[in-house]
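Observations on the model geometry
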Amino acid sequence: TTRFNALKADAHWQTVWDERQTFAADTTSDRPRAYVLEMFPYPSGRIHMGHVRNYTMGDVLARYRRMTGHAVLHPMGWDAFGMPAENAAMEKGVHPGNWTRANIQTMKAQLKRLGFALDWSRELATCEPDYYGHEQALFLDLFAAGLVYRKESSVNWDPVDMTVLANEQVIDGRGWRSGAVVEKRKLSQWFLKITDFADELIEGLGGLDHWPDKVKLMQENWIGRSRGLRFRFEIATGGEVEVFTTRPDTIFGASFVAVAADHPIARAVAERSPEAAAFVERCKQGGTTAAELETQEKQGFDTGLRARHPLDPSWELPVYIANFVLMEYGTGAVFGVPAHDQRDLDFARKYDLPVKRVVSDGAEDGPVFVGDTAFTGAGTIVNSHFLDGMDIEEAKRAVVDRAEAGGWGTGSTVYRLRDWGVSRQRYWGTPIPIVHCPSCGPVAVPKDQLPIVLPEDVSFAVPGNPLDRHPTWKHVACPACDEPAVRETDTLDTFVDSSWYFIRFASQPDDKPFDRAEAERWLPVGQYIGGVEHAILHLLYARFWTRALKHIGKLDVAEPFAGLFTQGMVTHETYKSADGRWLSPDDVANGVETATGDAVTVGRIEKMSKSKKNVIDPEPIVDQYGADAVRWFMLSDSPPERDLEWSENGIEGAWRFVQRLWRLVGQADAADGDDLALRKLAHRTTAGVADAIEGLQFNKAVALLYTLAAAVEKATPSRDRTDAAATLLRLAAPMVPHLAEEAWAAAGNDGLIADAAWPMIDPAMLVDDEVTVAVQVNGKLRDTLLLPKGIAREEAEAAALASEKVVRALDGKAPRKVIVVPDRLVNLVA
Ligand code: ANZ
Ligand code: ZN
């Protein structure tokens, strides 16, 4: 046989698939539907190995589902809005739209060369009005339903560039371009009420059996639900302070009250005390985010105020302003229980406050708590009056009951999750469909005026939002009163674009975002595959958006992604030159830098990244080895959830296997003998590969195919060998589709292997090996039989009675009694 000419086969079959629209989703048959989706790419410029790995996995599953009789939806599109396009505009003077569309063309051509079974007729780009116009309509639906509101919120302001910065443009507190110290500014911005769905978004995780536990846990922690008690301390000199606690059981262990630096009490105190004012200022410089507070040394300022304990008004606690209390969480105030909270203990030791034990693990129960490690475990309540002897949960309930009965507090639940701020002061995003009218306020743009299209004639020569300074774009008549008004110039967070693209893929009418019935036929996505970096925000926002649509009666789908898989990264060795520059693998050969001849230092194996230059561009690799070898390597070396190290050896090995497979599957024997062992192996491999693909264990599928290939290679000619080679071809087809089509056609088959069925499995062939069963007559061994494992009692008995030796031993008579030990023994009693 000849060599497999990958480049020729790739181009040929890709054209055939395109022309015949082989992978257009079948919406007319009544075959079961399967929706396979990989996270759509940001059109950054070129496809990278991470894309190749991600899309190859999805592709194998999509092709497998077709072969097992499903109507498959496997679409692709572009997450095309976002900052890199504006950066390119600023740096290179190209329009963000031109930059983005050119990148899409390049990347689409690259994806096509990998032979993915995609329905390109459904391609979409979020930066086009025929996508974002529908997004504007959905935004208006949520607005009408009260799920959108406006509030003041702070942004990062670069005082030199006079522009709002995204968080990632703030580096060590300074603007990334100007280097100026970034200020916080309050702007009125749009928010989506994701917090209304906090409980649902937690409960919904319970039904996601095909999601990784770690992702569910990350979502749960991000939402961060805490149940507890909100209650008030009276302040001796008047007024009160409300605190939130998740540990009401420790209420008798309190030794101080602390408020956040921007709490109204702190502000009031700062107004009359310059010392307090200075402390508050210092706290703000240290940062006020949860992460910043976590790492700072605990510090406080005694306000001189005294709080009365609600269960004993004669007991007064000092009120501090403390840098570890967050204003945005709970009530912005806490009571400290040093014995049972580490932050409180650090604080108490520093300011010499009482540390009283109120939970005992049984070893110690006296009120004096020593040491510097708080006890946070389970135990019995002590030193706590009516709570003594209760366990923690009982005591929590008792205190909540007492507070509610006494009217000084209420059981309450708080969340870490905040409403989703979607306003961005950027050009390259979906315009928010609102008009601000001096007399009517913010007014929704009527739907018949959508899409609100971004103006093309913008310049990035000066910093700031081009929409805002455009001469005409924002000036419109108020839709309500027709008086002069201005458009909202903020655009939507790009996470909004990716929160519903999977719905638009499923159904894309011109006149509305989606057709409900058709979308519901495809959704939820059966298998979603993507990077774990999206485990929190993207997935949470998409889940929220889907639930919000359900809530307003637009789509009856609760969870958008029934199955989720997060794949590992593609890694490569890193190299450094003698003078400490990162070197690309292309600049290194045999341990030296090609340009200088100096030895290089081989560094750690890391995720391919531009910054470390350890990137391998897929395109030349596809040129050299063909798409199938690249696909095969992506699937073969590591479990898909783990990192895959790219290596020259690896891709060469894959290429050699592709050639070997080509020789094997071309084999057709004239011989018609049997080879039962090979036939069994072929059936078992068919079942094993199916299981592996369904479980997304691609490396396992590959290993099974190696085994079958080796067995076919070793076998002598027979009819079973011909069949096994044919089976091998079909099983490998989802992974190496170009080779498979070529071999399929060469063997004289009609149609495409992409449309062929997955091989049938004969269950009898799966029966695991045979077992040796002893046959006794009156306890004496008379024969041993080779029987299929798991054989039924009656069949084992019948087989024993059929044995000539047994017939002789029984002397032709029927046994009085038969004892069968499954798979081991048949004892016949005469
Ligand atoms: C008394 C107490 C005793 C607490 C104890 C803990 C242990 P989670 O579970 O994360 O929700 N807290 C409440 N509001 C806070 C704020 N704005 N900034 C900083 N800390 C705050 O945490 C809830 C606990 O964190 C609350 O329960 C409160 O301290 C503190 F042995 O109250 B606890
Ligand atoms: Zn008006």
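Residues numbered from 1 in each chain as written. Chains lettered and ligands numbered in written order. Predicted model: local features only at pLDDT ≥ 70, side-chain atom pairs only at ≥ 80, totals over all residues. Heavy atoms only, no water.

You'll find the protein entered in an unreviewed UniProt entry as Leucine--tRNA ligase, with Sphingomonas rubra given as the organism. According to the UniProt record, the Catalytic activity (unreviewed entry) comment for the protein reads "tRNA(Leu) + L-leucine + ATP = L-leucyl-tRNA(Leu) + AMP + diphosphate". (UniProt positions renumbered as here; feature names shortened; annotations may be inferred.)

With that settled, the discussion passes to the coordination of the zinc ion (ligand 2). The protein atoms that coordinate the zinc ion (ligand 2) are Cys437 (SG), Cys440 (SG), Cys478 (SG) and Cys481 (SG), at distances of 2.2 to 2.4 Å. For the zinc ion (ligand 2), the four donor atoms are set out with angles of 105 to 115° between them, so the coordination reads as tetrahedral. Mapping the donors of the zinc ion (ligand 2) onto the primary sequence gives the spacing C-x2-C-x37-C-x2-C. Using a relative accessible area of 29% as the deciding quantity, one classes Cys481 as partly exposed. (Donors = N, O, S within 2.8 Å, 3.2 Å for Na, K, Ca; no water. Tetrahedral: all angles 85-135°; square planar, octahedral: opposite > 155°, others 65-115°. Buried < 20%, exposed > 50% of the residue type's maximum accessible area, 1.4 Å probe, protein only.)

Let us now look at helix 18 (residues 618-625). All of the buried residues along helix 18 are Pro618, Ile621, Val622 and Tyr625. One face of helix 18 carries all of its buried residues, which in axial projection span an arc of 100°. Where helix 18 starts, the residue carrying a side-chain oxygen 3.2 Å from the main-chain nitrogen of Glu619 turns out to be Asp617. Directly after helix 18, the chain includes Gly626, whose backbone phi takes a positive value near 90°. (Helix = DSSP H or I, 4+ residues; strand = E, 2+ residues; numbered from the N terminus. Arc of directions from axis to C-beta. Polar contact = N/O pair within 3.5 Å; in protein donor to acceptor, adjacent residues only side chain to side chain.)

Quick look at helix 23 (residues 719-732) now. Taking 1.5 Å per residue as the helical rise, helix 23 with its 14 residues ought to reach 20 Å, and the 20 Å between its terminal C-alpha atoms agrees with that figure. Among all positions of helix 23, only Asp720, Arg721, Ala724, Ala725, Thr727, Leu728, Leu729, Leu731 and Ala732 are buried. Looking at the buried residues of helix 23, the elements they touch are helix 20 (648-665), helix 21 (676-694), helix 22 (698-714) and helix 24 (737-746). (Expected span 1.5 Å × (residues − 1). Contact = heavy atoms within 4.5 Å.)

Turning to the site of ligand 1, a few remarks are in order. Residues in close proximity to ligand 1 total 18 residues, the closest being Ser226, Thr245, Leu326, Tyr329 and Arg416. Interatomic distance of 2.4 Å between a side-chain N/O atom of Tyr329 and an oxygen atom of ligand 1. Here Arg416 contributes a side-chain N or O atom positioned 2.5 Å from an oxygen atom of ligand 1. If you list the elements that add at least two residues to the shell around ligand 1, you get strand 9 (240-245) and strand 13 (333-336). (Near = heavy atom within 4 Å.)

Overall, the coordinates contain 47 salt bridges when judged by the stated rule. Two residues, Asp141 and Lys554, come together in a salt bridge whose shortest N-O distance is 3.5 Å. Note that Asp141 is positioned in helix 5 (residues 129-144) and Lys554 in the loop between helix 17 (537-551) and strand 25 (564-567), a separation of 413 residues in sequence. The partly exposed category is assigned to Lys554, whose relative accessible area is 32%. (Salt bridge = Lys/Arg side-chain N within 4 Å of Asp/Glu carboxyl O.)

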